[in-house]
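Coordinate analysis (summary)
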Amino acid sequence: MNTEDARLLDRLSVAVQNLAATPAAQIAHLSTLGVKNSADELALEFDDVYRVFQTRSATIGIPPSTVEKLTVLDDLLQKMSGSSQAHLWTWKSLDDSVSWSAIRSIAGDVTSELDVGRGET
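Summary of the structure given here. Given the structure is predicted, the values throughout are model-derived calculations rather than measurements.

Quick notes on the rules
- Residues numbered from 1 in each chain as written.
- Predicted model: local features only at pLDDT ≥ 70, side-chain atom pairs only at ≥ 80, totals over all residues.
- Heavy atoms only, no water.
- Helix = DSSP H or I, 4+ residues; strand = E, 2+ residues; numbered from the N terminus.
- Buried < 20%, exposed > 50% of the residue type's maximum accessible area, 1.4 Å probe, protein only.
- Lys, Arg positive; Asp, Glu negative; His and termini not counted.
- Salt bridge = Lys/Arg side-chain N within 4 Å of Asp/Glu carboxyl O.
- Polar contact = N/O pair within 3.5 Å; in protein donor to acceptor, adjacent residues only side chain to side chain.
- Contact = heavy atoms within 4.5 Å.
- Expected span 1.5 Å × (residues − 1).

**Let's talk about the side chain of Glu 45**
The topology assignment puts Glu 45 in helix 3 (residues 40-60). For the buried Glu 45, which has no salt bridge, the nearest side chain bearing the opposite charge is Arg 11, at an N-O separation of 9.8 Å. One polar contact links Glu 45 to Asn 18, side chain to side chain, over a distance of 3.3 Å. Filtering out sequence-adjacent residues up to four positions away, Glu 45 remains in contact with Ala 15, Asn 18, His 29 and Leu 33.

Here it is, written out as structure tokens:
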């Protein structure tokens, strides 16, 4: 893996770790970014790096099962989008939404798989 791909994988790992974090840790992260009562930035951070990852996934060498889970994460976040889903993007929803719980679970699996793939277990 070249340096550019390694940096991309690092950025992807951080974005997925933020999705996998506890609601309290997610809110703390959002607060450091200056975001108030909105979870949008968690999805935007993931989306920014995931779109680049999609164009270069073959050169990075992530197992297909992990790539599939990243796709599921993206799909879940996309399904939460739109004005009719605005209630899912509050800090309160990070703690009590089934959708965010599912995202955290899948993101946790991806985080573990990325760590194993990079020898960080």
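Additional details are given in the paragraphs that follow.
**Here's the deal with helix 1 (residues 3-20)**
A rise of 1.5 Å per residue sets the reference length of helix 1, with its 18 residues, at 26 Å; its end C-alpha atoms lie 25 Å apart and thus fit the reference within 8%. What helix 1 keeps buried is the set Asp 5, Leu 8, Leu 9, Leu 12, Ser 13, Ala 15, Val 16, Asn 18 and Leu 19.

**Side note on unusual backbone geometry**
Notably, Asn 37 is not glycine yet its phi reads approximately 50°, a positive angle. Assignment of secondary structure puts Asn 37 in the loop between helix 2 (23-32) and helix 3. Taking relative accessible area as the criterion, Asn 37 reaches 46% and is therefore assigned partly exposed.

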